[in-house]
Amino acid sequence: MSRFTVFGIYVGNTSASIAICKEDGKVEVLANAAGERSTPAVVAVTEKEQIVGNAAKSSMITQTNAGTIITNNKLLMDLSLDESDLESIITKNPCTIIQKSNHVAYEINFGNKTKTFTPAMINTSIYSLLYNIAKSAIHGECDEICCVLVVPTYYSAESRQYIKQSAIEAGWKVLQIVNQPSVAPLAYHSFKEASPETKYICVYRVGGVSCDAAILRLRNGFIQILASETNFDIGGHELVSKLIQCFCEEMKRKYKVDPNESKRSIRKLRSAAETCIKVLSTLSSASVSVDSLFEGIDFNYQMSRARFESLIPSLFGPLDAPINDALQSAQLQATDINEVILCGEPLKTPRLQSHVKSLFPNAEVLSSINPDEVLARGAARQAGFITEFCDLHKSIPEPVTDVTFITEPITVQIQSSNNEEIVFEKFSSLPISKTVHLKDNKSEIIVTAAQSCSAESKLNGKVTIPSSKDSSDLYLDVEINAEQAIEIHLLNKEMEELQMYTMDLVAVPAS
């Protein structure tokens, strides 16, 4: 089946990006009207319209009523938030947030008039902007513009449907919704040839207001999420806060005034700090200039990369926490990881990149693609795969997200005229089966299985298969099903089943 043009979309709390997968399979990230390939996920609400992206973010500095500018909307698209998490989001958000019909909504006050906007409505505004970017890229030549969306692994089915519906409202035909870590390898790998070798990948993302790590197992072209951990207490905003603090201290030292006394001054410094960090990701120094920062005083400062990097080591511990937790959940060590994929704009920072490299001594750290574009690129490639192998006029199956796997290796010993051993490796997806050929077997077949549980105990099982009349050419198929039960099938040379046995593993003390 031939390809046609489709898109991949990533919408975060602070930024959004869109990539196109063309008919030839090439993937490219699209620029917005300002020529930037990352669009602020910011919506400024007025009585007549909703302004999205760069214009909305620029208005954060000039707008006197911060309650009309909506940021970090993605946090509220998660419908599984508990009361404490929701209360924390409401407290930190400058907008008034109310609960309405078991859902939350923004309450925006325009003088004598008050309007409410649901998070889905704000999300639709962002997707509408991206839809227009996509339409411009294909010159409006397609009646249906198709995309793949990516969401965090912890999103519930209800939250995924909530996001999907908001994208549909913007005009999109949504092909699939995929977990964010799953598409990251697609940005770097074409998967034209599936390797039987097992590869462990850490997808590490530092976003605007959160940080997460996922451990993936890649084998035979299949991507499996073994563990995923998120820290909502730290993100790129902490890097920005470090710079703001530095700038405020400089103002106190030089002019004996404190910009912290003015919210507008802090908004100006935040914008300057974000720009400064972007510049320092490629240059050794950046000029910071803010007109009339506080009490009519202009602020000018030359920030070196070395000075900036000296401010951030205290953040490494919290930033490392999701990585350590994910490795522990996956029962792996940092030395087991073969590749690390960096996602999120803060990871453009060279000092952060070198720190991540130091955590994984045996891994190749992939950062050649702009970290802020990885997820959109991966989603676009996934969309391309769908057009190549699926009929878009029919229902597209959702990716399998609930996969059972073996937590510890299982070794099966087959005692016969020619002894055999089968090993089912740790993290093998279930169901799984392996077949051995038993030639000229004249005796009974004894099959034993063992799986370690801990240093103190293991699971053992044993099945004895009597000698068969048709014993000259037999096959033994050992299968572990999704319920992790072991089934043994004795087959003849025509692969017809002669007998079937079920093996129970019983806990015994480790020898």
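Throughout this description, residue numbers start from 1 for each chain and increase along the sequence as written. Local features in this predicted model are restricted to residues whose pLDDT is 70 or higher, and side-chain atom pairs enter the listing and the counts only when it is 80 or higher, whereas totals over whole chains, interfaces and linings include all residues. For the side-chain quantities, the full set of heavy atoms in the structure was used; hydrogens and water were omitted.

In the annotation of an unreviewed UniProt entry, the entry for the protein reads Heat shock protein 14, and the organism field reads Bemisia tabaci. UniProt positions are given in the numbering used here, feature names are shortened, and annotations may be inferred rather than shown by experiment. Per its UniProt entry, the protein bears the Sequence similarities (unreviewed entry) comment "Belongs to the heat shock protein 70 family."

The helix and strand labels rest on DSSP assignments: H or I over at least four residues marks a helix, E over at least two residues marks a strand, and numbering proceeds from the N terminus. Looking only at helices and strands, one finds 11 helices and 28 strands in the protein. Across its three principal directions, the C-alpha atoms of the protein cover 100 × 55 × 45 Å. Out of the 511 residues in the protein, the part that is buried amounts to 49%. By the convention used here, residues are in contact when the closest approach between their heavy atoms is within 4.5 Å. The contacts in the protein between residues at least 6 apart in sequence include a share of 63% that link residues at least 24 apart. Calculation of accessible area relied on Shrake-Rupley with a 1.4 Å probe; when residues are assessed, cover is drawn exclusively from the protein chains displayed. About 24,100 Å² of surface is accessible on the protein, with carbon and sulfur atoms providing 47% of the total. Each charge sign in the protein was given a centre, from 47 positive and 61 negative side chains, and these centres are 8 Å apart. The buried label goes to any residue with under 20% of its type's maximum accessible area, the exposed label to any with over 50%, and the partly exposed label to all in between, with areas taken from a 1.4 Å probe on protein chains only. Residues scored as charged are limited to Lys and Arg (positive) and Asp and Glu (negative), so that His and the chain ends carry no count. Just so you know, the charge point we use is NZ for Lys, CZ for Arg, CG for Asp and CD for Glu.

Time to look at the sheet that holds strand 8 (residues 96-100). Overall, antiparallel pairing links the 3 strands, which are arranged 8-9-10 in an open sheet. What marks the edges here is a single partner per strand, and that holds for strand 8 and strand 10 (113-117). Going across the sheet, the axis of each strand differs from the next one's by a mean of 35 degrees, ignoring polarity. For two strands to be treated as a pair, DSSP must find no fewer than two bridges joining them. Of the pairings in the sheet, the one linking strand 8 to strand 9 (residues 103-110) comprises 5 bridges and is antiparallel in character. Paired with Thr96 across the two strands is Glu107, which belongs to strand 9. Axis definition: a line fitted to C-alpha atoms, limited for helices to the stretch in contact. Angles are taken between N-to-C directions and run from 0 to 180 degrees.

One fewer than the residue count of a helix, multiplied by 1.5 Å, yields its expected span. With 20 residues, helix 6 (residues 236-255) extends 29 Å between its outermost C-alpha atoms, agreeing within 8% with the 28 Å of an ideal straight helix rising 1.5 Å per residue. What helix 6 keeps buried is the set Gly236, Leu239, Val240, Leu243, Ile244, Cys246, Phe247, Cys248, Glu250 and Met251. Considering only its buried residues, helix 6 is in contact with strand 13 (199-206), helix 7 (263-280), strand 16 (285-294), strand 17 (297-304), helix 8 (305-311) and helix 10 (350-359). Two residues or fewer after helix 6 comes Lys256, characterised by a positive phi angle close to 60 degrees.

Tracing the chain through its elements places Asn32 in the loop between strand 3 (27-29) and strand 4 (39-40). For Asn32, the side chain forms a polar contact with the main-chain nitrogen of Ala34, separated by 3.0 Å. One polar contact links Asn32 to Thr39, side chain to side chain, over a distance of 3.0 Å. Once you skip the residues sitting within four places of it in the chain, Asn32 turns out to touch Ser38, Thr39, Asn54 and Ile133. Identification of polar contacts relies on pairs of N or O atoms within 3.5 Å, with a donor-acceptor requirement for protein atoms, meaning one able to donate a hydrogen and the other able to accept it, and with residues adjacent in sequence counted only if both atoms are side-chain atoms.

Residues belong to a common nonpolar core when they are buried Ala, Val, Leu, Ile, Met, Phe, Trp, Tyr or Cys residues joined through side-chain atoms within 4.5 Å. Counting 56 residues, the largest nonpolar core has Tyr204 and Phe360 as the members making the most contacts within it. Residues Ile20, Val52, Met77 and Phe117 belong to the second largest nonpolar core, which totals 45 residues.

Located in the positive-phi region is Lys256, a residue other than glycine, with phi close to 60 degrees. Mapping Lys256 onto the fold places it in the loop between helix 6 and helix 7. For Lys256, a relative accessible area of 67% corresponds to the exposed category.

Moving on: the environment of His237. When you line up the elements, His237 lands in helix 6. Each C-alpha atom of the pair His237 and Ser136 lies 32 Å from the other, and the pair is 101 residues apart in sequence. If we skip the residues at most four places from it in the chain, His237 touches Gly208 and Val209. In terms of polar contacts, His237 uses its side chain to reach the side chain of Glu238, at 3.5 Å.

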